[in-house]
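Below are the chains, spelled out letter by letter.
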Number of protein chains: 2
Amino acid sequence: MTIKISIDCMGGDHGPSVTIPAAVSFASHEPGAELILVGLEDVIRAELKKLNASSHARLSIVNATEVVAMDDPVEVALRRKKNSSMRVAVNLVKEGKADACVSAGNTGALMAVSRYVLKTIPGVDRPAICFPMPNQTETPTYMLDLGANVDCEPQHLHQFALMGSALVSALEDKAKPTVGLLNIGEEDIKGNEVVKQTAVLLRADHEKGVINFYGNVEGNDIFQGTTDVVVCDGFVGNVVLKASEGLGRFLKTVFKNEFKSNPVNILGAFIAQGALKAISQRMNPSRYNGASFLGLRGLVFKSHGGEDAYGYEWAIKRAYDAASHDLLARISKTIAELMPQQEAVPAAPVPGDVTELTHQKTA
Amino acid sequence: MTIKISIDCMGGDHGPSVTIPAAVSFASHEPGAELILVGLEDVIRAELKKLNASSHARLSIVNATEVVAMDDPVEVALRRKKNSSMRVAVNLVKEGKADACVSAGNTGALMAVSRYVLKTIPGVDRPAICFPMPNQTETPTYMLDLGANVDCEPQHLHQFALMGSALVSALEDKAKPTVGLLNIGEEDIKGNEVVKQTAVLLRADHEKGVINFYGNVEGNDIFQGTTDVVVCDGFVGNVVLKASEGLGRFLKTVFKNEFKSNPVNILGAFIAQGALKAISQRMNPSRYNGASFLGLRGLVFKSHGGEDAYGYEWAIKRAYDAASHDLLARISKTIAELMPQQEAVPAAPVPGDVTELTHQKTA
């Protein structure tokens, strides 16, 4: 089976100089992948030529004459740039010509465009952004929402839990992923009203056997890997994600300064360079690149805007894995089984309601 | 001027074996401090004897026959153990016999007891927990609230900002500390309704010249040290604090494992041990020990429950500095100038409304 992925080649801080090398590399390594490069045709052709990949059999080009800038307001991306590489790449998913889309563009614009073009799955009120966080175990902690929804009701967090569970079962091949509800204590009485009511919904699902609800988890559990999925509202999730990036950057500065502080330390660092490289690789945020937009009638993956080709390729890989494991059908099935059926309302995107996911890079 | 501090000697995971050595050490180094050791008299005397400090001129003992256990429900601490070391230590502040109190006991119980005994400052609806976070600059980022208030209205965050500003101006000797409002983007349109309305209140204060409002800050700004104070609700603050502890612990594990992974790395680590020690010291959470309970008619400082004597001494030092810089009067003055005057309602503490601040230790 061939998996087709549309690539918004113009998105991100670096555009084609990052997205196209990543696409070429991924297509070369993954014979089951067919990539559709969307953007300014001349620019894409020139980049492919540089890489000696002009006639790659599993790379095709779709021209798109406009580009959504990283600082374009959501409204501009949505209403004025209808032939942007971002919009066209998402359209390809809508039209069934691609199984998933990858973009490193402006998060707010990408969510608004995706939601407008693809609509939500029946039973899902709001799409969520899900991101894999590194932890002490072998597989990451999938955390959602990370910024698409700042004011959530219990039913929204409930839907996030179901979608996150379906995502992990698809991507990590786990039958019953554990789901934790982010709170400020383990006990049921802890937390705000929204979280307490969400716990009631999740416990009911757990008793029906449709979700593996672990219970409340706390901030430290994210990096301990206590559960496969951690559910929270987009405000909390976004703050935690950025705080973690900030702490990582701060620690890196402290380390660099100390290891360069005198010749003895420089020598020690030189001798232990194997350890330092291994640490750097393990903690490399590029390995965790690729946030999923869940709850849409199509798969959309967001790469970090400042990512390099290595990191962008990870986002393509996540999109590829999700599509080849039929993530969309799994989420739809999970939601359909659990939620009171209703036709999805073609909700108008809320401008300003989506924040930039990761505006700075840790590494 | 002598500053008197009451010490809840029985509080914390280790009780007198940590609190008393810390008190003895602090009193020996700080001639302006007089410490009142509160708890089971026999136990305190025995501990002092071990340390050859039985007749220290600036250490006195106040007997208290009960002990609040770390897992005692708030109600038990508040209504059943009226002669606990915690309660008596706070009473001493109320009675003017101590200028501040330090406890490593259960956070929820300590907040409930403090609020019940001391009451809030006129104009303050709810006390908040404030904690200094390490960052890239010389002085920490003071963040509040960290768990006392999970559902906040704009006026609460507004009061936290004023109290945090007064705290930093007292502790760090800064005339106009910068105050940031934790959000998911820098732009005014970002965030939930509570945060947006809080920003309006803070901008008005800024224009009056009574607060130095920087604007919105994001998670990464905490560790960058963008502002002196970061204001958020207790849910977000508690999650961020614990997530940071968790990430720190995770990174420490990764480092330890890699530096021990083979003889070459062990040698490198041995040679660069100066750097590793300096890093460990800089990042030692004990140095940041001592959360302030702000908004009460008395100074209360909370030590981490699992802290050692070195860390506990830092909490005593924070309490001492706050009292000697007249923090209480400064906060009252700031609030009185800015808030519509009203008599403080002797609010009953809300059971379950306060979470354990730091239930695990990073180092």
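Conventions used here
- Residues numbered from 1 in each chain as written.
- Chains lettered and ligands numbered in written order.
- Predicted model: local features only at pLDDT ≥ 70, side-chain atom pairs only at ≥ 80, totals over all residues.
- Heavy atoms only, no water.
- UniProt positions renumbered as here; feature names shortened; annotations may be inferred.
- Pairing = 2+ DSSP bridges.
- Helix = DSSP H or I, 4+ residues; strand = E, 2+ residues; numbered from the N terminus.
- Axes fitted to C-alpha atoms, helices over the stretch in contact; angles between N-to-C directions.
- Contact = heavy atoms within 4.5 Å.
- Least-squares fit on C-alpha atoms with pLDDT ≥ 70 in both.
- Buried area = accessible area lost by both parts, 1.4 Å probe.
- Salt bridge = Lys/Arg side-chain N within 4 Å of Asp/Glu carboxyl O.

Looking up chain A in an unreviewed UniProt entry gives the name Phosphate acyltransferase, with the organism given as Noviherbaspirillum denitrificans. Quoted verbatim from the Function (unreviewed entry) field of the UniProt record, the comment on chain A reads "Catalyzes the reversible formation of acyl-phosphate (acyl-PO(4)) from acyl-[acyl-carrier-protein] (acyl-ACP). This enzyme utilizes acyl-ACP as fatty acyl donor, but not acyl-CoA." What UniProt records for chain A under Sequence similarities (unreviewed entry) is the sentence "Belongs to the PlsX family."

Residues and elements named next belong to chain A. Taken in spatial order, the eleven strands line up as S3-S2-S1-S4-S11-S10-S5-S6-S9-S7-S8 in an open sheet, and their pairing is mixed. At either margin of the open sheet sits one strand with a lone partner, and together these are strand S3 (59-63) and strand S8 (212-217). Taking each pair of neighbouring strands and ignoring which way they run, the sheet shows an average axis angle of 25 degrees. Here helix H6 (residues 154-171) sits on the sheet and contacts strand S5 (128-133), strand S6 (141-144), strand S7 (178-182), strand S9 (229-231) and strand S10 (291-294); the angle it forms with S9, its principal contact strand, is near 165 degrees.

Now for the relation of the copies chain A and chain B. Here two copies of a chain appear, and what relates them is a rotation about an axis with a shift along it. Superposing chain A onto chain B takes a rotation of 180 degrees combined with a translation of 0.0 Å along the rotation axis, leaving an RMSD of 0.0 Å. Seen this way, the second copy is the image of the first under a two-fold rotation axis. Proximity to the rotation axis, assessed at the C-alpha, singles out Gly268(A) in chain A; its C-alpha lies 2.1 Å from the axis. When you check the interface residues of chain A against chain B, 100% turn up at the interface there too, and the contact is symmetric in its surfaces.

Okay, the interface of chain A and chain B next. Taken together, the contacts link 60 residues of chain A with 60 residues of chain B. Both faces combined, the contact of chain A with chain B buries some 5,100 Å², and carbon together with sulfur accounts for 73% of it. Taken as a group, Ile184(A), Phe235(A) and Phe250(A) account for 14% of the area that chain A buries against chain B, more than any other trio of residues on that side. One can count two salt bridges joining chain A with chain B.

All names here are of chain B. Here eleven strands make up an open sheet; going across it, the order is S3-S2-S1-S4-S11-S10-S5-S6-S9-S7-S8 and the pairing mixed. Taken across any chain shown, the strands that pair with only one partner, and hence form the sheet edges, are strand S3 (59-63) and strand S8 (212-217). Sheet twist, expressed as the average angle between the axes of neighbouring strands with direction ignored, equals 25 degrees. In the sheet, strand S1 (residues 3-8) pairs with strand S2 (residues 33-39) via six bridges, with the strands oriented parallel. For isoleucine 7, the partnering residue across the bridge sits in S2 and is leucine 37. Relative to the sheet, helix H1 (residues 16-29) contacts S1, S2 and S3, its axis offset from that of S2 by approximately 165 degrees. Against the sheet, helix H4 (residues 85-94) contacts S1, S2, S3, strand S4 (100-103) and strand S11 (299-302), and its axis sits at roughly 165 degrees relative to S1.

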